[in-house]
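For reference, the chains in residue letters:
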2 protein chains.
Amino acid sequence: MAGRRALKAVLIDLSGTLHIEDTAVPGAQDALNRLRQASVAIKFVTNTTKECKRNLLERLKRLNFDLTEKELFTSLSAARSLLEQKQLRPMLLVEDSALEDFTGVVTSEPNAVVIGLAPNHFSYQTLNRAFRMILEGAPIIAIHKARYYKRKDGLALGPGPFVAGLEYATDCKATVVGKPEKTFFAQALSDLGCSPSDAVMIGDDARDDVCGAQNAGMLGILVRTGKYREGDENKIDPPPHLTCNSFTDAVDHILQNLL
Amino acid sequence: MAGRRALKAVLIDLSGTLHIEDTAVPGAQDALNRLRQASVAIKFVTNTTKECKRNLLERLKRLNFDLTEKELFTSLSAARSLLEQKQLRPMLLVEDSALEDFTGVVTSEPNAVVIGLAPNHFSYQTLNRAFRMILEGAPIIAIHKARYYKRKDGLALGPGPFVAGLEYATDCKATVVGKPEKTFFAQALSDLGCSPSDAVMIGDDARDDVCGAQNAGMLGILVRTGKYREGDENKIDPPPHLTCNSFTDAVDHILQNLL
């Protein structure tokens, strides 16, 4: 990579890249250990709206991945950062399993609407309360805006449609905090003292991981695991820096070519 | 009106034009009776998603308006017509109070999603069932797509946001059947043997009544009752044929200038 400084940070997606549900991607733990031997910062970045950090860490530890809470940056963390930065008091449309990541955030007399995937909150009455708050000036903060996700029984609505509905009703635009937003990647790098041009992102989602990271000025590596479908690499412009079979191949490429 | 043939039909909005909740607009009954003396067809057209025809007729009769079921054309009727024309079996996301207008429509093994204002059906589970049907090819039919409506306790979400959410999730466009759609006005006129250029629409909603009718080739008269707000006539292009204080003035204008 002529003109590129040596790589300082690697951002790594979780679901679909390191593991698929409760199974690790073969060889991923070893590859991660090899990457840790190199002098490069590592951060794990994920669009979760339902799992708090503690749950994510426990799941990864059960799969023998070695990481610390400080290394984990999630869309829930990004939402919390935004709330703190703007000193907002949220109405939290998130499931109970995500509430832990908002411990200590003041939610009385709310003046912002935070929306994750929260089937238990998506009733007409609750959405109507959110609607009225937005009409009175409360900003809409979307954990992310996915149209749908894959559940064991088939595809199911993501938070996106409910965000889009409130946007339509109020003629307001939500601030999206998760991938593929530029600010998400910038926040993930912020405490590493590393600029986007010194970082690479590895993930299985061409749009949210690779395209998002590259729009933020990073390199993007697409892995053919998880939600990857044949030809995904051709759906984004510019194309991925690299498309490879798995996280192991991505780490090999980094160790051999980018350091 | 040089070049215009004599008027053959008058379409009249209900809520906000003839009555406001359970109070008639002063003089509206008399004006309607005077209009009936002229040789002009009359149709009452309304965007309702919750009230079946029988309820609407009963309410209007209590207010001493004289009209028959045949003269009433509603967005629920328009939805039913579309279902019959396309031989579709709907999943009906409408409140129980609207179901009467779908009596006899086959709803087993549904292959279309019909959405009205149905707070009791707007749960995640039900919307998810609709979502999966749409992914499998079921069309989305929106009774109308209003962003919100006025309730006694304040503004409340209309069917529009839920339609918009399903459109976002599935990347499909809904067929909207109520005002301001061109086909709604065309259907309202269809059994009168009258072309749009021979018809006028009277209503209090600049966008749904007047702009919609004028886009369909009719004249539009805006009345300053109901939801009318100062300056509404300047928000549509072309402007209304006429803006006047009330339904009575609209009828006077028609009797004096358009027949």
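Above: the structure in question.
Residues numbered from 1 in each chain as written. Chains lettered and ligands numbered in written order. Predicted model: local features only at pLDDT ≥ 70, side-chain atom pairs only at ≥ 80, totals over all residues.

1. A word on the interface of chain B and chain A
Test applied: Think of it this way: build a C-beta for each residue from its backbone, and any pair within 7 Å is a contact. Each residue gets one label: Ala, Val, Leu, Ile, Met, Phe, Trp, Tyr, Cys and Pro are nonpolar, Asp, Glu, Lys and Arg are charged, and the others, such as Gly, are polar.
Listed by partner, the interface residues are 23 residues for chain B and 23 residues for chain A. Residues belonging to the side of chain B that touches chain A are distributed by class as follows: 16 nonpolar, five polar and two charged.

2. Details of unusual backbone geometry
Definition in use: The numbering of helices and of strands both runs from the N terminus, where a helix is a DSSP run of H or I of at least 4 residues and a strand a run of E of at least 2. Backbone-placed C-beta atoms define the burial measure: a residue is buried with 20 or more other C-beta atoms within 10 Å of its own, exposed with 12 or fewer, and partly exposed in between.
Backbone torsion omega between Lys179(A) and Pro180(A) reads 10°, so that peptide bond is classified as cis. Locating Pro180(A) in the fold gives a position in the loop between β11 (175-176) and α7 (182-190). Omega for the bond connecting Asp237(B) with Pro238(B) falls within 30 degrees of zero, at 0°, which places this linkage in the cis form. By the element assignment, Pro238(B) lies in the loop between β13 (219-223) and β14 (242-244). Within the chain, Gln87(A) stands out as a residue other than glycine whose phi angle is a positive 50°. Counting through the fold element by element, Gln87(A) comes out in the loop between α3 (75-85) and β6 (90-93). For Gln87(A), a count of 9 C-beta atoms within 10 Å corresponds to the exposed category.

3. Some words on the nonpolar core
Test applied: Note on definitions: a nonpolar core is a set of buried residues drawn from Ala, Val, Leu, Ile, Met, Phe, Trp, Tyr and Cys, linked by C-beta atoms within 7 Å.
Val113(A), Val200(A), Val113(B) and Val200(B) are the most contacted members of the largest nonpolar core, which totals 155 residues. Once residues within four sequence positions are removed from consideration, Val113(A) is found in contact with Met91(A), Leu93(A), Ala130(A), Met133(A), Ile134(A), Ala138(A), Ile140(A) and Ile141(A).

4. Observations concerning the sheet that holds strand β5 (residues 72-74) of chain B
All names here are of chain B. Heads up, the rule is: Here, a strand pair is defined by DSSP locating no fewer than two bridges between the strands. Interaxial angles span 0 to 180 degrees and are taken between N-to-C directions of axes, which are lines fitted to C-alpha atoms, for helices over the stretch in contact.
As summarised here, the arrangement of the six strands in space is β5-β4-β1-β12-β13-β14, forming an open sheet in which the pairing is parallel. With partners counted over all chains shown, the strands left at the sheet margins are β5 and β14, one partner each. The sheet shows a mean angle of 25° between the axes of neighbouring strands, taken without regard to direction. Pairing analysis gives four bridges linking strand β1 (residues 9-12) to strand β4 (residues 41-46), with the strands arranged parallel. Among the inter-strand pairings, Ala9 is bridged to a residue of β4, identified as Ala41. Helix α8 (residues 206-215) contacts β1, β12 (199-203) and β13 of the sheet and is inclined by roughly 160° relative to β13.

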